[in-house]
Amino acid sequence: MKPSLPALTAPAGADCGTAPLLTAVSQRQGLRLSGAWHIIVDPFETGSIDYRYQPRAKPFGKNLEAQNRWDLIEYNFARSPTLTVPGDWNSQRPDLRWYEGTIWYQKTFAFRKSARARQFLYFGAAAARAQVWLNGDKLGEHKGGFTPFCFEVTGRLKARGNFVVVKVDNTRRREAIPTSNTDWWNYGGLTREVRVVETPATFVRESFVQLVPGSTRAVAGWVQLDGPTAAKTRVTLEIPQARIKI
């Protein structure tokens, strides 16, 4: 066997929405956010735009609460109904079976930080477009109802009182999947798990090892590291069955 394993590096603090995806999520430490999430059905985009069709300075993603009776905050996640995550909204409520549009999801959670240095908010999938806020700050957006995505949230989590808000929109679009004219059932919602994932300061973001095409004796692959010491970190590959350790 002739193993070859170059190490590639990625910058620390890279946003998983644009950088290579965080993999092996189920094997990493963290917190699952499965279960009941409060939801607000928003067919008229009231949570995003005002009556002039301009973006709201304070969208529903900020999860504001009225401090005075004259405050014009006409929503309340804490008093709204819930849906189960992961899961589509079509099968959980009969009135949402055919719904196409926006639903806002909200979840409050506590977080006990471990010795791990970095945290990521990971979504297995959101059908079909998502905008994400954490503790009132917008993290970013994602398009694609069947692909995972995540954002680094290191330094943004508190011991208690954290909240994440996700605007999920499954409106059909001609250029999207599913397209406007299709027999594809148009699911909507946070259809796969949501997690807070913890990693060391420098960690293996992704790796790949295989036999060299056309060979039964040569192994090749790569490792992608993410973190401040990625360029100096030693990587060990071990395959006991093949007696490989490099």
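In this report, we go over the structure that sits alongside the text.

Parameters at a glance
- Numbers given to residues run from 1 along each chain, matching the order in which its sequence is written.
- With pLDDT at 70 or above as the cut-off, local features in this predicted model cover only qualifying residues; side-chain atom pairs require 80 or more to be listed or tallied, and sums for whole chains, interfaces and linings still use all residues.
- Heavy atoms from the whole structure form the basis of all side-chain values; hydrogens and water molecules are not counted.
- Any residue with an atom within 4 Å of a point lines the site, the site being either a cavity, points on a 1 Å grid over the protein atoms alone where a 1.4 Å probe fits but cannot get out, or a pocket, an open set with protein on both sides within 12 Å along at least 5 of 7 lines.
- Grid points are joined across faces, edges and corners, and a volume is the space filled by probe spheres set on the points.
- Each residue receives one of three labels: charged for Asp, Glu, Lys and Arg, nonpolar for Ala, Val, Leu, Ile, Met, Phe, Trp, Tyr, Cys and Pro, and polar for the others, Gly being one of them.
- Two strands qualify as a pair provided DSSP detects at least 2 bridges between them.
- Runs of E in the DSSP output that reach at least two residues are strands. Runs of H or I that reach at least four are helices, and both are numbered from the N terminus.
- Convention adopted: a line fitted to C-alpha atoms gives each axis, helices being fitted over their contacting stretch, and angles between N-to-C directions are expressed from 0 to 180 degrees.
- Any two of the Phe, Tyr and Trp rings considered here, Trp counted by its six-membered ring, make a pair once their centres fall within 6.5 Å; the pair's planes then place it as stacked at under 30 degrees, edge-to-face at over 60, or tilted in between.

1. Brief notes about empty space enclosed by the protein
Then comes step 1: By the definition in use, this model includes 1 cavity of 30 Å³ or more.
Then comes step 2: Considering the residues around the largest cavity, the lining is formed by A128, R129, N170, T171, R172, A176, I177, P178 and N186.
Then comes step 3: Taken together, the residues of the lining of the largest cavity sort by class into 4 nonpolar, 3 polar and 2 charged.

2. Examining the sheet that holds strand β6 (residues 118-123)
Then comes step 1: Strand order in the open sheet formed by 4 strands is β2-β11-β6-β9, with antiparallel pairing between adjacent strands. At either end of the open sheet lies a strand with only one pairing partner, and these are β2 (30-32) and β9 (149-152). Neighbour-to-neighbour, the strand axes of this sheet turn through a mean angle of 20 degrees, independent of strand direction.
Then comes step 2: As paired strands, β6 and β9 are joined by 4 bridges and run antiparallel to one another. Following the sheet pairing, Y122 is matched in β9 by C150.

3. Examining the environment of P228
Then comes step 1: Take P228: it is sitting in the loop between β13 (219-226) and β14 (238-239).
Then comes step 2: Along the chain, P228 and I244 lie 16 residues apart, while their C-alpha atoms are 28 Å from each other.

4. Brief notes about the pairing of strand β3 (residues 35-42)
Then comes step 1: When β3 meets strand β4 (residues 82-85), the two strands line up antiparallel, connected through 4 bridges. Bridging across to β4, G35 finds its partner in V85.
Then comes step 2: The pairing of β3 with strand β5 (residues 102-109) spans 5 bridges and is classified as antiparallel. Its bridge partner being in β5, H38 is matched across the sheet by Q106.

5. Let's talk about unusual backbone geometry
Then comes step 1: The omega angle of the peptide bond from V85 to P86 is 0 degrees, so this bond is cis rather than trans.
Then comes step 2: Tracing the backbone through its elements, the reader meets P86 in the loop between β4 and β5.
Then comes step 3: Cis geometry is found at the peptide bond from A127 to A128, where omega equals 5 degrees.
Then comes step 4: Mapped onto the elements of the fold, A128 is located in the loop between β6 and β7 (129-134).
Then comes step 5: We note that A24 has phi near 55 degrees; this positive angle belongs to a residue other than glycine.
Then comes step 6: Structurally, A24 is set in the loop between β1 (7-10) and β2.
Then comes step 7: In the Ramachandran plot, Y53 falls in the positive-phi region, its phi being about 65 degrees despite a non-glycine side chain.
Then comes step 8: Examined against the element boundaries, Y53 turns out to sit in the loop between β3 and β4.

6. As for the packing of aromatic side chains
Then comes step 1: Taken as a whole and judged by the stated rule, the model has 13 aromatic pairs.
Then comes step 2: Here a set of aromatic residues connected by ring pairs shows up, and it is made of F60, Y75, F77, W104 and W133.

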